[in-house]
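Architecture and fold: a report
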Amino acid sequence: MSQPPRVVAPAEELTIASNDEVVIVRQKVRATAIELGFSLVDQTKVVTAASELARNTLVHAGGGHARIEVLDNGHRRGLRLTFADNGPGIPDLQLALTDGWSSGGGLGLGLSGSRRLVDEFELDSEPGRGTVVTVTKWTR
Amino acid sequence: MDRVPILKISDILLVSIQGDLDDHAVLTLQEDLADRVVATGALGVIIDITAVEIVDSFVGRMLSTIAGMARMLDAETIVVGMRPAVAITLVELGLSLGGLRTALDLEKGIALLSRPGPEPAVTDDMSPVGQ
């Protein structure tokens, strides 16, 4: 049986306030995924999800923070990414997770698409209180 | 801000994207390409993404936009060199990039462009009367 996941490496905190910093988030996530021994396909998936979510933070909330953590559940190691902002929040979570629905002129694949690229996905948001998206990808 | 160089080889424009572009550089490339297609009268655009490690929805949309824009300016776009992991991720992300022509590598992309395109479909209006 897997144990409850515990954080095994100090979290890395990154600010997302510009396009450059979205690129830095992608690079740090890739470096960590390589360290954890993710396959090339899984590296690509988790970096792509990070790119979508970091851009969401920048575009919809004007910026925020990303946290990168390494987890261990006794069996496998995982990469947990948390994107938090103090933006306007999401009034309808179900709608926001629908393919093709967009509030910002994008393709509407940021949230719904990145959910398909990771193993665990959590969305916490309320209008006026900001948004926190947490995703986890486990090694195989 | 680094600009992505656009090379011209006879009537083809070649763009080789190297490394990790930020969103601003992606938009700049889109505008630069439109200008260069018109300025050179190029008939083909080849975008080489061999060195691109991820294509997210923003870059995917940029590729589709370039293809659509070039088509309006009488040029055909072919994306070459997509990595297998990128293709798998794009499909799971939900981006099918319909309407975008691809080739496995630069050589195949150029071959595709130098082949005559499909004959324009004959519509009913153009059929000879009485046939």
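Up top you'll find the structure we're talking about.
What you see is a predicted model; the values in this text were computed from it and never measured.

1. Side note on the overall build of chain B
In terms of regular secondary structure, chain B is built from four helices and five strands. Put simply, chain B has 131 residues, and 44% of those count as buried. Counted over contacts in chain B with a minimum sequence separation of 6, partners at least 24 positions apart contribute 73%. Working note: accessible area of chain B is about 7,300 Å², and carbon and sulfur atoms make up 57% of it.

2. Concerning the overall build of chain A
Scanning chain A from N- to C-terminus turns up four helices and six strands. Across chain A, helices and strands are ordered from the amino to the carboxyl terminus as β-β-α-α-β-β-α-α-β-β. Against the compact-globule benchmark of 14 Å for 140 residues, chain A has a radius of gyration of 14 Å, which places it among compact chains. Dimensions of chain A, computed from the C-alpha atoms along their principal axes, are close to 40 × 30 × 25 Å. Looking at chain A as a whole, 50% of its 140 residues qualify as buried. In chain A, the proportion of contacts linking residues at least 24 apart, taken out of those at least 6 apart, comes to 64%. For chain A, the accessible surface area stands at approximately 6,600 Å², while carbon and sulfur atoms represent 49% of it.

3. A short note on the interface of chain A and chain B
Where interface size is given, it is often the accessible area lost as the parts come together that is meant. At the interface, 23 residues of chain A touch 20 residues of chain B. At the boundary of chain A with chain B, total buried surface from both sides reaches about 1,900 Å², with 55% on carbon and sulfur atoms. Here chain A is connected to chain B by six salt bridges. Residue Asp20(B) is joined to Arg26(A) by a salt bridge in which the shortest nitrogen-to-oxygen separation is 2.6 Å. For the pair chain A and chain B, the number of links is 10 residue pairs in polar contact (both at pLDDT 80 or more). Looking at which element gives the most residues to the side of chain A that touches chain B, the answer is helix α2 (residues 40-61) of chain A, with nine residues. For the side of chain A that touches chain B, a count of residues per class yields seven nonpolar, nine polar and seven charged.

4. A look at the sheet that holds strand β1 (residues 6-9) of chain B
Residues and elements named next belong to chain B. The five strands lie next to each other as β1-β2-β3-β4-β5, forming an open sheet whose pairing is mixed. The open sheet has two free edges, formed respectively by β1 and β5 (101-103), since each of these has just one partner strand. The sheet shows a mean angle of 25° between the axes of neighbouring strands, taken without regard to direction. Packed onto the sheet, helix α1 (residues 23-40) meets β1, β2 (12-16) and β3 (44-48) and runs at close to 25° relative to β1. Against the sheet, helix α2 (residues 57-72) engages β3 and β4 (76-80), with an angle of about 155° to β4.

5. Re the packing of aromatic side chains
One pass over the full model with this rule turns up zero aromatic pairs over all chains. Over the face of the ring belonging to Phe121(A) we find Arg115(A), whose NZ or CZ atom lies 5.8 Å from the ring centre.

6. Side note on empty space enclosed by the protein
Residue and element names in this part refer to chain B. Per the counting criterion, the structure on display carries one cavity of 30 Å³ or more. Reported here for the largest cavity is a volume of approximately 30 Å³. Taken together, Ala 67, Arg 71, Ala 75, Glu 76, Thr 77, Gly 99, Leu 100 and Arg 101 form the lining of the largest cavity. Across the lining of the largest cavity, the residue classes tally to three nonpolar, two polar and three charged.

7. Some words on the side chain of Arg26(A)
Along the chain, the position of Arg26(A) falls in helix α1 (residues 19-35). On the basis of relative accessible area, Arg26(A) is assigned to the buried category, the value being 4%. A distance of 2.9 Å separates a polar atom in the side chain of Arg26(A) from the backbone oxygen of Leu21(B). Excluding residues within four positions of it along the chain, Arg26(A) makes contact with Val47(A), Ser51(A), Arg55(A), Asp20(B), Leu21(B), Ile54(B) and Asp56(B).

8. Here's the deal with the pattern of salt bridges
As enumerated under the stated definition, the model contains 18 salt bridges over all chains in all. Between Arg67(A) and Glu13(A) there is a salt bridge; the shortest N-O distance is 2.9 Å. Here Arg67(A) is found in strand β3 (residues 64-72), whereas its partner Glu13(A) is found in strand β2 (residues 12-16), with 54 residues between them in sequence. The class for Arg67(A) is partly exposed, based on a relative accessible area of 32%. For Glu13(A), a relative accessible area of 49% gives the class partly exposed. Sharing partners across several salt bridges, the network here consists of Arg26(A), Arg55(A), Asp20(B), Asp23(B) and Asp56(B).

Thresholds applied
- Residues numbered from 1 in each chain as written.
- Chains lettered and ligands numbered in written order.
- Predicted model: local features only at pLDDT ≥ 70, side-chain atom pairs only at ≥ 80, totals over all residues.
- Heavy atoms only, no water.
- Helix = DSSP H or I, 4+ residues; strand = E, 2+ residues; numbered from the N terminus.
- Buried < 20%, exposed > 50% of the residue type's maximum accessible area, 1.4 Å probe, protein only.
- Contact = heavy atoms within 4.5 Å.
- Areas by Shrake-Rupley, 256 points an atom, 1.4 Å probe, with all protein chains shown as cover.
- Rg over C-alpha atoms; globule rule 2.2 N^0.38 Å.
- Buried area = accessible area lost by both parts, 1.4 Å probe.
- Salt bridge = Lys/Arg side-chain N within 4 Å of Asp/Glu carboxyl O.
- Polar contact = N/O pair within 3.5 Å; in protein donor to acceptor, adjacent residues only side chain to side chain.
- Nonpolar A, V, L, I, M, F, W, Y, C, P; charged D, E, K, R; others polar.
- Pairing = 2+ DSSP bridges.
- Axes fitted to C-alpha atoms, helices over the stretch in contact; angles between N-to-C directions.
- Phe/Tyr/Trp six-rings, centres within 6.5 Å; stacked < 30°, edge-to-face > 60°.
- Lys NZ or Arg CZ within 6 Å of the ring centre and 35° of its normal.
- 1 Å grid on protein atoms, 1.4 Å probe; cavity = no way out; pocket = protein on both sides within 12 Å on 5 of 7 lines; lining within 4 Å.
- Points joined across faces, edges and corners; volume = space filled by probe spheres on them.

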